[in-house]
Amino acid sequence: MVSIVHIIGVVLTVILIVTVSWLSGRHVKDAQSFTTGGTSGSWMVCGALLGTLAGGQSTIGTAQLAFYYGVSAWWFTIGAGLGSLILGLCYAGTLRRSGCTTLLEVVSREYGHKAETIGSILFLVGIFISIVSQVLSSSAMITSLLGIHLVWAAVASAVLIMLLVLFGGIRSAGAGGIVKLILLYVSSLVAGVVVWRIAGGFAGLRDGIDSIYQSPTLASHNGLSDVASVHERYGSPFARGFFKDMGGCLSLVLGVVSTQTYAQCIWSAASTRKARRGAVLCSLFMPIIGAACTLVGLYMRGHYITADELAMMKQCGETIPTGIGVMDSSALAFPVFVLEHLPAWLGGLLLGTMLINILGCGSGLSLGASTILVRDVYGNLKRRLGMGDSPLSPLTQTRLSIVGILVMAFLVAITFSGTFINDLGFLSLGLRAVAILFPLSFALWMPGRFKASRVLLSMPVGVAAMLVAKFTSLPGDAVYYGLGASLLIILSQDWATGKRAA
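Criteria and cut-off values
Here the residue numbering is sequential within each chain, running from 1 through the sequence in written order. It should be noted that, the model being predicted, local features are given only for residues of pLDDT at least 70 and side-chain atom pairs only at 80 or more, the latter also being counted only at that level, while totals for whole chains, interfaces and linings use all residues. Side-chain metrics in this entry use all non-hydrogen atoms of the structure; hydrogen atoms and water are not considered. The buried label goes to any residue with under 20% of its type's maximum accessible area, the exposed label to any with over 50%, and the partly exposed label to all in between, with areas taken from a 1.4 Å probe on protein chains only. Counting from the N terminus, the helices are the DSSP runs of H or I reaching at least four residues and the strands are the DSSP runs of E reaching at least two. Note on definitions: salt bridges are taken to be side-chain nitrogens of Lys or Arg within 4 Å of carboxyl oxygens of Asp or Glu. In summary, the pairing rule links any two rings of Phe, Tyr or Trp, Trp by its six-membered ring, whose centres are within 6.5 Å, and it sorts them by plane angle into stacked for under 30 degrees, edge-to-face for over 60 and tilted for everything else. Definition of nonpolar core: a set of buried residues of the types Ala, Val, Leu, Ile, Met, Phe, Trp, Tyr and Cys, connected through side-chain atoms within 4.5 Å. For a helix, the expected span equals 1.5 Å multiplied by the residue count minus one. Patch rule: a residue counts if its relative accessible area is over 30% and it has no salt bridge; like charges are joined within 9 Å, and nonpolar side chains (Val, Leu, Ile, Met, Phe, Trp, Tyr) within 5 Å. Note that accessible areas follow from Shrake-Rupley with a 1.4 Å probe, and for residues the cover is restricted to the protein chains shown. Whether two residues are in contact is decided by their heavy atoms, any of which lying within 4.5 Å being enough. Definition of a polar contact: a pair of N or O atoms within 3.5 Å, with one able to donate and the other able to accept a hydrogen when the atoms are protein atoms, and with sequence-neighbouring residues admitted only if both atoms are side-chain atoms. Where helices are involved, their axes are fitted lines through C-alpha atoms of the stretch in contact, as for all axes, and angles between N-to-C directions lie from 0 to 180°. Any angle that is under 35 degrees is reported as roughly parallel, and any over 145 degrees as roughly antiparallel; angles of 65 to 115 degrees are reported as roughly perpendicular and all others as oblique. Residue classes follow a fixed rule: Ala, Val, Leu, Ile, Met, Phe, Trp, Tyr, Cys and Pro count as nonpolar, while Asp, Glu, Lys and Arg count as charged, and any other residue, Gly among them, counts as polar.

Colleague: Can you walk me through helix 6 (residues 103-111) in this structure?
Modeller: Each full turn of the α-helix corresponds to 3.6 residues, which orients residues three or four apart in the same direction. Across the nine residues of helix 6, seven count as buried, placing the element largely inside the fold. Of the residues making up helix 6, those classed as buried are Leu103, Leu104, Val106, Val107, Ser108, Glu110 and Tyr111. Downstream of helix 6 by a residue or two, glycine 112 has a phi angle that is positive, lying close to 95 degrees.

Colleague: I'm lost on the pattern of salt bridges in this one. Help?
Modeller: Opposite charge on two side chains makes pairing possible when the charged atoms of those side chains draw close. Counting across every chain of the model gives five salt bridges. Between glutamate 105 and arginine 109 there is a salt bridge whose closest N-O contact spans 3.5 Å. Residue glutamate 105 and its partner arginine 109 are both found in helix 6; the two are separated by four residues, about one turn of the helix. For glutamate 105, a relative accessible area of 22% puts it in the partly exposed group. The class of arginine 109 is partly exposed, set by a relative accessible area of 46%. With a shortest N-O distance of 3.0 Å, arginine 301 and glutamate 309 are connected by a salt bridge.

Colleague: What should I look at first to understand the packing of aromatic side chains in this one?
Modeller: For any pair of aromatic rings, geometry is given as the distance between the ring centres together with the angle between the planes. Following the criterion strictly, the structure yields twelve aromatic pairs and no others. In this structure an aromatic cluster arises from ring pairing among Trp75, Phe238, Phe242, Phe243 and Tyr480.

Colleague: Just to check I follow, could you spell out the nonpolar core for this structure?
Modeller: Most often, soluble globular proteins have nonpolar side chains that are buried together. Leu95, Tyr111, Tyr213, Met300, Phe334 and Phe337 are the most contacted members of the largest nonpolar core, which has 148 residues in total. Here this core gets 16 residues from one element, more than from any other, and that element is helix 20 (residues 421-445).

Colleague: Looking at this structure, how should I read helix 13 (residues 242-257)?
Modeller: Taking 1.5 Å per residue as the helical rise, helix 13 with its 16 residues ought to reach 22 Å, and the 23 Å between its terminal C-alpha atoms agrees with that figure. Among the residues of helix 13, those classed as buried are Asp245, Gly247, Gly248, Cys249, Ser251, Leu252, Val253, Leu254, Gly255, Val256 and Val257.

Colleague: Would you take a moment to explain a nonpolar patch on the surface for this structure?
Modeller: Together, Ile4, Val5, Ile8, Val11, Leu12, Ile15 and Trp345 make up a nonpolar patch on the protein surface, roughly 690 Å² of accessible area in all. By residue number, the principal contributor to the nonpolar patch is helix 1 (residues 4-25), which donates six residues. For valine 5, the position within the fold is in helix 1. In this structure valine 5 comes out as partly exposed when scored by relative accessible area, which is 37%.

Colleague: Which parts of the structure should I look at to understand the environment of asparagine 222?
Modeller: With respect to the helices and strands, asparagine 222 occurs in the loop between helix 11 (216-221) and helix 12 (227-235). Given a relative accessible area of 10%, asparagine 222 falls into the buried group. C-alpha separation for the pair asparagine 222 and tyrosine 69, spaced 153 residues apart in sequence, amounts to 9.7 Å. Non-local contacts of asparagine 222, meaning those with residues more than four positions away in its chain, are made with Tyr68, Tyr213, Arg233, Arg301 and Glu309.

Colleague: Any chance you could explain the environment of tryptophan 267 here in plain terms?
Modeller: Looking at the secondary structure, you find tryptophan 267 in helix 14 (residues 260-267). A polar atom in the side chain of tryptophan 267 sits 3.3 Å from the backbone oxygen of cysteine 100.

Colleague: It is not clear to me how the side chain of arginine 432 should be interpreted in this structure. Could you clarify?
Modeller: Considering the arrangement of structural elements, one finds arginine 432 in helix 20. Here serine 428 takes part through its side chain, which lies 2.6 Å from a polar atom of the side chain of arginine 432.

Colleague: Is there a simple way to explain the packing of helix 3 (residues 42-53) against helix 14 in this structure?
Modeller: Packed helices, taken two at a time, are described by the angle between their axes plus the distance between the axes. At a minimum axis distance of 9 Å, the contact between helix 3 and helix 14 shows a crossing angle of 170 degrees. Relative to helix 14, the element helix 3 is oriented roughly antiparallel. Contacts between helix 3 and helix 14 involve Val45, Ala48, Leu49, Thr52 and Leu53 on the former and, on the latter, Thr261, Tyr262 and Cys265. When the residues that make up the contact of helix 3 with helix 14 are grouped by side-chain class, the tally is six nonpolar, two polar and no charged.

Quick look at the structure:
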């Protein structure tokens, strides 16, 4: 299954991108250049955004979701593209003119340090969930390549993410992102074309899925009763329900706008014009990458079952149909496709690109989380306690925090290894949006209009409402409840006409 050619291709691709990142990172001399750069052109901004957006959730996670729900899996990358577009066109200029280096610093200037502290904690939870999903994605990739246990694959993933970001920061992410942009875009197109050719277009993909669900056990296990229900699920853009899928898309759109990692890409640009161009370029690439990964997931559903599905079929006395493959889990849909249906040299290039892109996304998110932890959480704590300057430089603090974050992500990833990767992505971005979207937007565009006390209360209440909706299975998507609760708290006051209230 895995040949030496595959391994060589993966290793050479990883070496290429890490080398580019390291060479760019040599120019980093202080914490400011590490986190925001300030000299990036449009393509560098696009590369940094794509390197953190088109990670395991957008690629492996999209193929996994398409394996079970069909074309509706595309909403993840559509939402990410729309979020990048709105970030560039609507927020880039205002953010850069603010003179801040974190989104929570913007909130703090308007609503006080308490809002920054609460927002930092809630925000970190959202980003951390996304980092966990990147560790899970890269672990699936490493497991498929090397056949090692999930725990060791997770260790390798966390270590590689550390190495990719520790010595380059945002400049490293941008330079390596340009290389990843080229390789990932070409790789996605190749994968999509190959699926289209070997499946025989949409008709062939549909026939394959129809065939696999001739098994009564398999159909019942996935909540399908007949051919019509199969077509309805896999061909519908709203397979999980209109409000559910659109809620997921909304989580992506607003989550991108509300995430420190993506804002750092905007701040890293040499000018507002270049920041906008980079974000718009990213918005064009994202849906195309998602479309290719969705096609891969559809093809794999028609020709493969998971180990759990096989065990269930055997328990019911059914035999696996001729020509149907078996893979350990649905998270392996994309890597198994590459290994078994592409030439070894091309498969190695594709897997190397996918692996390093997932690792790059994890590194970008880790960088954003560490920036918030050091500047917002630790900085506020020092001010409140009257602590003096730390003996460690800000750059060293940032790098040490990255190590700590990834160690925790590894521990959580091996504990929740059976979770849908994209479900973690929707939850993560939704939490970030609920926590600070309204406080951030009002601070930027409507300063002095809302009471700080109400804004402060809206942040934890909104997040709590979203989590309650998520874990009690209320209709629709949980993000609606979170955003609604947050906005209601902020608006439940008399309109302030003067300076902001204390």
